[in-house]
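A look at the structure
As a plain string of letters, each chain reads:
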Amino acid sequence: MSWVTFIWAVVIGACATMALPHLLIGIKRKTWENLFFAIAALSVASIACGELAIMHSRTAEEIGRAIQWTHLPVFFLVLAIVGFVRFYFGTGRLWLGIAACVARLVSLVINFAFPPNLSFREITSLRQFSFLGGTIALPEGVVSPWTHLGELSSLLVLAFVVDASLTLWRRGTSEDRRRAVVVGGSIMLYILVAAGLSALVHAKVIDLPYLVSFPFLGVIAAMGYELSRDVLRAAQLARELGEEERRLDLAAQAGGLGMWRWDVANDQVWMNEKGRSLFGFAPQDEPNAERFRSRIHSEDREAVRAVAAKALPVGADYETEYRVVLPDGAIRWLHSRGRVELGADGKPYRVHGVSSDVTERKLSEQALLESEMRFRTVADAAPVMIWMSGTNKLCNFFNKGWLDFTGRTMEQELGNGWAKGVHTDDLEHCLEIYGSSFDARQPFTMEYRLRRNDGEYRWVLDIGTPRFSDNGEFLGYIGSCIDLTERKQAELDHQLQNMELARVGRVSLMGELAASLAHEVNNPLGAMVTNANAGQRLIARGNVEIEELNDLLADIVADGHRAREVIEGIRNMVRKKKTTQSLVPVNEIIRDLLRIVKADAVTRKVALTTEIDSKAGSVMADRVQLLQVLLNLTLNAFEAMSVIRSDARRLVIRTDRNGEGEVLLRVRDSGPGFPGGIVEQFFEPFFSTKAEGTGMGLTIARSIIEAHGGTLSGENCDDGGACFTVRLPEAKEEKSKTVYPVHGGPVALKEITGKAPTVP
């Protein structure tokens, strides 16, 4: 229910409540002022219903109909005000009152004869705005000229009330003058207020709904106050003290209240039927103060006596709770309120009191207290630290384990005091998680460092869970903490061990790479041996030709240079020394890579596929460094696919060119791919998703490729897996430049060109 509906419902209920008793009084006693008051109150209630319907309208037709029917109770309100003032004051020009009623009646006829209503000739739209947390509607359109007739009626009512009030003031007594001010003044004031608010709303000066019912609620309150005052005065004169006591006793019986009165001077106690039942007295018993006190539990008598002794001398009110023991031995909790009356001599002569049975509430409180005590006992005995918070985010309980850990008192930790023990580097993050989870009523888990009683900060795991009552009401949070410092240290040690193993693995891998590349030295060495043997045979025959011998020696020198370059490349890679780049065919570097990783692929059960473009071309690069990059990407792919089925592990190495003069080398796997949004982080130093990773492999690889004028990027493939792409500028081989590929050497080159290469 919105605030608008609630407030207007209160107005409707208040008016209806005030109307019904006066309607009964008017019908029974035939008093016109009571009847007209009831009509006025019911009219205001109906106007409030109409205003509520106007605010909740959704179409122009609905709001027009709501305004149209609201004019009906307005007519009866005018009629009731005129009739009430005329009969209650006994003054006022009758013709003014009749004119006001006739004007309003004509307005009512026009209201129903010319739709949509008296106020508007046409409603074009609804204007909606927020009011008291909800959205309400007001009409917009062409104002009807007939609305001035309704304003004339209100003006005539105002003139009639002014005339009647002034006449009563001049002719009446002080009581009549008071009536003229209270009733007449309130009617005049609230008519002006209602008219002014309606005018401001129509002029769009203020964004408010129609508030006719609220001002006239004040009129009803003033009229009802005067009538009720008269009724009470008549009742006080008409009834005896005994009748009053019976009425009060009836009300007390209905409310389950036991009433009693103690005559101090005569030591006599009077109790109604409920009071005797509460204290266990039979109808024939004549209780006195002593018997009254004897019913009180022996453990509570002193407390009750102390409260009474404090109130009796000064005639003060008092309130207390105590147990009474009934004749059958049953124990009952009572809540008593008392008022002491002092005599002319300043001494107490009478005490009035009322008592009620609160046994059920006290038993519930005791059960709750016992439950809390059991919880505290269990919580204090738990091997973890336990805390609780209320609905205001402030902690209201810490178990013994927490207090022993921090070495602080409960008072120091309550509220936000616990935060003083959190490490300053963790506090902001800790409070952020706690606050956001609390607002969302969601469980949370967080780790932070908490100061122990010896001053050492220890890592704790804090798990918080929201608490709800049986009806779903949020009660706060309960959480538990465990010390995980040893586990964190073990994880750190394990991580260091993994890093060491990774380093050893990299060194081992480097050894494998060095062994594989050293194998390439056999080619130039074999060529050198062959050329040397050929030279020896020429010398042995004795027919040595100087030119041919020079060619053989040149071949030997070239092969020696080739062997030196291979060894130098390995040494430079290990030492990270700057090397000289040369023209490298990309397809041959791929074949070298396949030879190195073939055994590892078989071991890891990876299906290795190549898609080599014969026209991929060559690049200017350091052969060993480029091989290092591709080897790193390939081994990373092997490791990424270790988490999937062996029959699904596939690695594709592809070479081709794009239309921008670049050579592309792609390494694509069928693994799980990159986690979302962190592709670029893989290239940051020390970032790794592998427990054994150092986080430097891809960083070094990108640095090598960028030093060669290219780029290294990674992305997730549409059909799964990850793909790394190396882009390098394509290099064109110059005729004047001699290149010694690893495979073939000078001998192969001589076979193709018919001429041995020159010694550099």
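Preceding block: the structure.
Numbering of residues starts from 1 in each chain and follows the order in which that chain's sequence is written. The predicted origin of the model limits local features to residues at a pLDDT of at least 70 and limits the giving and counting of side-chain atom pairs to 80 or more, whereas totals for whole chains, interfaces and linings rest on all residues. With hydrogens and water excluded, all non-hydrogen atoms of the structure serve as input to the side-chain values.

1. As for the pairing of strand β16 (residues 650-657)
Where we set the bar: Between any two strands, pairing holds if DSSP finds at least two bridges. In this text, helices come from DSSP runs of H or I with a minimum length of four residues, and strands from runs of E with a minimum of two, each type numbered from the N-terminal end.
As judged from the six bridges shared by strand β14 (residues 607-612) and β16, these two strands associate in the parallel manner. Bridge pairing in β16 links Ala607 to Arg650. Relative to strand β17 (residues 662-669), β16 is paired through seven bridges, and the arrangement is antiparallel. When the sheet's bridge partners are listed, Arg654 is paired in β17 with Arg666. Between β16 and β17, which follow one another and run antiparallel, lie four residues, and Gly661 among them has a positive phi close to 75 degrees.

2. Side note on the environment of Thr59
Keep this limit in mind: Two N or O atoms count as a polar contact when they lie within 3.5 Å, although within protein this holds only if one can serve as hydrogen donor and the other as acceptor, and sequence-adjacent residues are included solely when both atoms are side-chain atoms.
Looking at where Thr59 falls in the secondary structure, it is placed in the loop between α2 (32-55) and α3 (60-89). Each C-alpha atom, one on Thr59 and one on Leu126, is 7.1 Å from the other, the two residues being 67 residues apart in sequence. Within the structure, the side chain of Thr59 is placed 3.2 Å from the backbone nitrogen of Glu62, a separation counted as a polar contact.

3. Quick word on the sheet that holds strand β7 (residues 348-357)
We apply this condition: For helices, the fitted line uses only the C-alpha atoms of the stretch in contact; every axis is such a line through C-alpha atoms, and the angle between N-to-C directions lies from 0 to 180 degrees.
Read from one edge to the other, the open sheet built from five strands follows the order β4-β3-β7-β6-β5, with strand pairing classed as antiparallel. Of all the strands in the sheet, just β4 (268-271) and β5 (317-325) have a single pairing partner and so form its edges. Neighbour to neighbour, the strand axes of the sheet diverge by 25 degrees on average, direction disregarded. With four bridges connecting them, strand β3 (residues 257-263) and β4 associate as antiparallel partners. Residue pairing in the sheet places Trp260 in a bridge with Met271 of β4.

4. Description of the packing of helix α4 (residues 94-113) against helix α5 (residues 147-171)
Applied cut-off: Working definition: roughly parallel below 35 degrees, roughly antiparallel above 145 degrees, roughly perpendicular at 65 to 115 degrees, and oblique for all remaining angles. Two helices cross in a left-handed way if the nearer one is turned anticlockwise from the farther one by less than a right angle. They cross in a right-handed way if the turn is clockwise. Throughout, a contact is declared for two residues whenever any of their heavy atoms are within 4.5 Å. The residue classification treats Ala, Val, Leu, Ile, Met, Phe, Trp, Tyr, Cys and Pro as nonpolar and Asp, Glu, Lys and Arg as charged. All others, Gly included, are polar.
For the pair α4 and α5, the least separation of the axes is 8 Å and the interaxial angle reads 160 degrees. By the angle class used here, α4 and α5 are roughly antiparallel. By crossing handedness, the relation of α4 to α5 is classed as left-handed. Each of Leu96, Gly97, Ala99, Ala100, Ala103, Arg104, Val106, Ser107 and Ile110 in α4 lies in contact with α5, whose residues at this interface are Leu149, Gly150, Ser153, Ser154, Leu156, Val157, Ala159 and Phe160. Class assignment for the residues of the contact of α4 with α5 results in 11 nonpolar, five polar and one charged.

5. Describing unusual backbone geometry
As a rule of thumb, non-glycine residues mostly have phi less than zero, and peptide bonds are mostly trans rather than cis. Each neighbour pair has its own omega, and for Pro115 with Pro116 the value is 10 degrees, a cis peptide bond. Looking at the element boundaries, Pro116 is found in the loop between α4 and β1 (120-131). Of note, the phi angle at Lys393 is positive, near 75 degrees, even though the residue is not glycine. Mapping Lys393 onto the fold places it in the loop between β8 (385-389) and β9 (395-398).

Keep in mind these numbers describe shape, not what the thing actually does.
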